[in-house]
Structures are given as C-alpha cells and as structure tokens.
Amino acid sequence: KGLLAVQGFSGSGKTTTLDCISGIRTPDSGYIKLNDRYMYSSDKKINLKPKDRHIGYVFQNYALFPNMKVRDNILFGVNKKDKDNVKYAMDLSQRMKIEHLLDRYPSDISGGEKQRLAIASVLAMGTEILIFDEATSMLDPVGKKEVLKLMKELNSQGKTILHITHDRNDILEATKVIVLSKGEIKYQGNPYKIFEDDEFNPFLIKIKN
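Everything numeric here is computed off the predicted structure, so don't read it as measured data.

1. Brief notes about the nonpolar core
Taken as a class, soluble globular proteins show a tendency for nonpolar side chains to be buried jointly.
For step 1, the next point in the chain: Core analysis: the largest hydrophobic core is formed by 42 residues, its most contacted members being I74 and I119.
For step 2, the next point in the chain: Counting residues per element, this core draws most heavily on helix 4 (residues 111-123), which supplies six residues.
For step 3, the next point in the chain: Setting aside anything within four residues of it in sequence, one finds I119 in contact with V58, M96, L130, F132, L150 and L154.
For step 4, the next point in the chain: In terms of nonpolar packing, the next biggest core, distinct from the first, is built from 17 residues, L18, C20, I21 and L180 among them.

2. What about the environment of E184?
For step 1, the next point in the chain: Summarising the element assignment, E184 is placed in strand 9 (residues 184-189).
For step 2, the next point in the chain: Note: C-alpha distance between E184 and G13 (171 residues apart in sequence) is 7.9 Å.

3. Some details on the packing of aromatic side chains
For step 1, the next point in the chain: Throughout the structure, instances matching the rule amount to two aromatic pairs.
For step 2, the next point in the chain: Each ring, one from Y31 and one from Y38, has its centre 5.8 Å from the other, and the planes form 70°; the classification is edge-to-face.
For step 3, the next point in the chain: With relative accessibility at 58%, the residue Y31 sits in the exposed group.
For step 4, the next point in the chain: An angle of 40° between the planes, with centres 4.5 Å apart, marks the rings of F65 and F76 as tilted. With F65 in the loop between strand 5 (55-58) and helix 2 (70-75) and F76 in the loop between helix 2 and helix 3 (83-95), this residue pair connects regions lying 11 residues apart in the sequence.

4. Things to note about the layout of surface pockets
For step 1, the next point in the chain: In this structure, the largest pocket occupies an estimated 720 Å³ of space.
For step 2, the next point in the chain: Along the wall of the largest pocket there are 27 residues; nearest its centre are T17, I21, I32, K33 and L162.
For step 3, the next point in the chain: Elements supplying a minimum of two residues to the lining of the largest pocket: strand 1 (3-7), helix 1 (14-22), strand 2 (31-34), strand 3 (37-41), strand 7 (160-164), strand 8 (176-181) and strand 9.
For step 4, the next point in the chain: In terms of residues, the lining of the largest pocket owes the most to one element, helix 1, which gives five residues.
For step 5, the next point in the chain: Taken together, the residues of the lining of the largest pocket sort by class into 16 nonpolar, eight polar and three charged.

5. Here's the deal with the pairing of strand 8
Regular strands show a simple pattern: their side chains alternate between the two faces of the sheet.
For step 1, the next point in the chain: Counting buried positions over the six residues of strand 8 gives five, a clear majority of the element.
For step 2, the next point in the chain: Pairing of strand 8 with strand 9, which is carried by five bridges, proceeds in the antiparallel orientation. Across the sheet, residue V179 finds its bridge partner in strand 9, namely Y187.
For step 3, the next point in the chain: Counted along the chain from strand 8 to the antiparallel partner strand 9, the turn is two residues long, and its residue K182 has a positive phi close to 55°.

6. A word on the pairing of strand 7
For step 1, the next point in the chain: The buried fraction of strand 7 amounts to five of the five residues, a majority that puts the element mostly inside the structure.
For step 2, the next point in the chain: On strand 7, burial covers both faces: T160, L162 and I164 on one face and I161 and H163 on the other are all buried.
For step 3, the next point in the chain: Two elements, strand 1 and strand 7, share four bridges in a ladder whose sense is parallel. For V6, the partnering residue across the bridge sits in strand 7 and is I164.
For step 4, the next point in the chain: Looking at chain direction, strand 6 (residues 129-133) and strand 7 are connected through five bridges and run parallel. If you follow I131 over to strand 7, its bridge partner there is L162.
For step 5, the next point in the chain: One crossover worth recording links strand 6 to the parallel strand 7 by way of helix 5 (residues 141-156), and it is right-handed.

7. Quick notes on the pattern of salt bridges
For step 1, the next point in the chain: Scanning the entire structure with this criterion turns up eight salt bridges.
For step 2, the next point in the chain: For D52, the salt bridge is made with K51, and the minimal N-O distance between the two is 3.4 Å.
For step 3, the next point in the chain: In this structure, R71 engages D103 in a salt bridge whose closest nitrogen and oxygen atoms are separated by 3.0 Å. Of this pair, R71 sits in helix 2 while D103 is found in the loop between helix 3 and helix 4, placing the two residues 32 residues apart along the sequence.
For step 4, the next point in the chain: On the basis of relative accessibility, which here comes to 30%, the residue R71 falls in the partly exposed class.

8. Digging into helix 5
For step 1, the next point in the chain: In this model, helix 5 (16 residues) spans 23 Å end to end at C-alpha, consistent with the 22 Å of a helix rising 1.5 Å per residue.
For step 2, the next point in the chain: In the core, the buried residues of helix 5 are packed alongside strand 1, helix 3, helix 4, strand 6, strand 7 and helix 6 (168-173).

Reading the values: the criteria
Residues take numbers from 1 onward in each chain, read along the sequence in its written order. Under the rules for a predicted model, residues below a pLDDT of 70 receive no local features and side-chain atom pairs below 80 are neither given nor counted, while totals for whole chains, interfaces and linings still include all residues. Side-chain figures throughout are based on the complete set of non-hydrogen atoms in the structure, without hydrogens or water. Put simply, a nonpolar core is a bunch of buried Ala, Val, Leu, Ile, Met, Phe, Trp, Tyr and Cys residues held in one set by side-chain atoms that sit within 4.5 Å of each other. Here's how the labels work: a residue is buried when its accessible area is under 20% of the maximum for its type, exposed when over 50%, partly exposed in between, all with a 1.4 Å probe on protein chains only. The helix count covers DSSP runs of H or I at least four residues long, the strand count covers runs of E at least two residues long, and both are numbered beginning at the N terminus. Whether two residues are in contact is decided by their heavy atoms, any of which lying within 4.5 Å being enough. Only rings of Phe, Tyr and Trp enter the pairing, Trp through its six-membered ring, and a pair is recorded when the two centres are within 6.5 Å. The plane angle decides the type: under 30 degrees is stacked, over 60 is edge-to-face, the rest tilted. Here a cavity denotes a set of grid points, spaced 1 Å apart and computed over the protein atoms alone, in which a 1.4 Å probe fits but from which it cannot get out, and a pocket denotes an open set meeting protein on both sides within 12 Å along at least five of seven lines; residues with an atom within 4 Å of a point are reported as lining. Grid points are joined across faces, edges and corners, and a volume is the space filled by probe spheres set on the points. The classification used treats Ala, Val, Leu, Ile, Met, Phe, Trp, Tyr, Cys and Pro as nonpolar, Asp, Glu, Lys and Arg as charged, and all other residues, Gly among them, as polar. At least two DSSP bridges between two strands are needed for those strands to be called paired. If you view a crossover with the strands going away from you and the path from the first strand over the helix to the second runs clockwise, you call it right-handed. The salt bridge definition used is simple: a Lys or Arg side-chain nitrogen within 4 Å of an Asp or Glu carboxyl oxygen. The span expected for a helix works out to 1.5 Å for each residue beyond the first.

Distances and angles like these do not, on their own, reveal function.
Written out as structure tokens, the structure reads:
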C-alpha cells in the first residue's frame, strides 16, 4: 500500500496500464493481482468486470453527472436498499467536506469541490484502490494542495493510491514513483532519486525521446 506516483512522457503507457488495472481495457496476456486476488489472468481465464475489482477511477474531467445533484452523484453506485451503505456514502460527504453542497449541481461548485465529490462517489462504491489520472492538473494551487492532502489522508487510512501526474511537487509527496518509458518500467523507488539522476528524470527522458 502507498501513494504511488506514475510518471512518463505522453505515449509511455501510463493511462493504458491503469486502464488495464481498473478493467477498462483488457491486456493481451499476463496477470493483474491485488494481494491474493486475481483480477485478470490470461492463464487462469480470469477477467473480473470493473465493478467487481473495487477500484475507483478519478478522472481529470471529474466524470460527474451534470443533471444530478451532489447527493445523487455520491449515491449513484450505492445499493439504496442497504441503509448501512447509504449512511456510509452520506458520511463521506462530511469526510470530503461537501455536506453543505448536497443539494447543488456540479455546475454550481468549484473545481476542488468537484474533485472531492468525484472521490466521494468512487469511495461510496467500496473501492480498495484509487486511481487519479492527472486529477490535479486542472486545479489552482490551493485546490491541488487540498486534493493532495486528501490523497495522503486516504493512504494513511489504508487506501492504495495510484496517481498519474507531471507535477514535481506531487511526485515528491508520493511514497514511491514509477517511471514508464515505451511501455516498460524505467525506474521505481524513491521519488527524490529521479530528480538527482539524469537517467531516471522523467522530464529529461521526455526530451531524449
């Protein structure tokens, strides 16, 4: 578990890799395993549906329902007949500090609030892993700081975070960084090392390619 920053230039395979993990795309071969649970295995003929993988995907454009209020966006993937699940989902609105926005529409709230709403929506579905695909790139500095702080809080509470980012500060806040180049892992380990060693620096790798 950890807050993992995923780095690499455009076309390096970042989004494709995370799409395969979440189940949006199907790999040609190999396996994807979380702890002792296979989510995909070409040999074992296993390919769990995205909803059965318990992975939440937070997109750059938030992926909210504009015609639904904040409350309904949070509850969209929740079994309304299960009172405990509904209560958990509503508790998330307090945890994400958006409880005062429940009766508003996404168009009426800020970018940072939309991001927290998107996170609440995926957490409400019982996710074990959260994938952020450039989720802070459209936010102002204050919004970025808020979302990064939230990621670290969720990680401290046991959630694994995979964060595609090109922001140096976000990378340095991660517990580990993975640098992809041409579909292969170029480096994985200490985030600070990639800025100390030209061979692994993702910004220099981009220039070289």
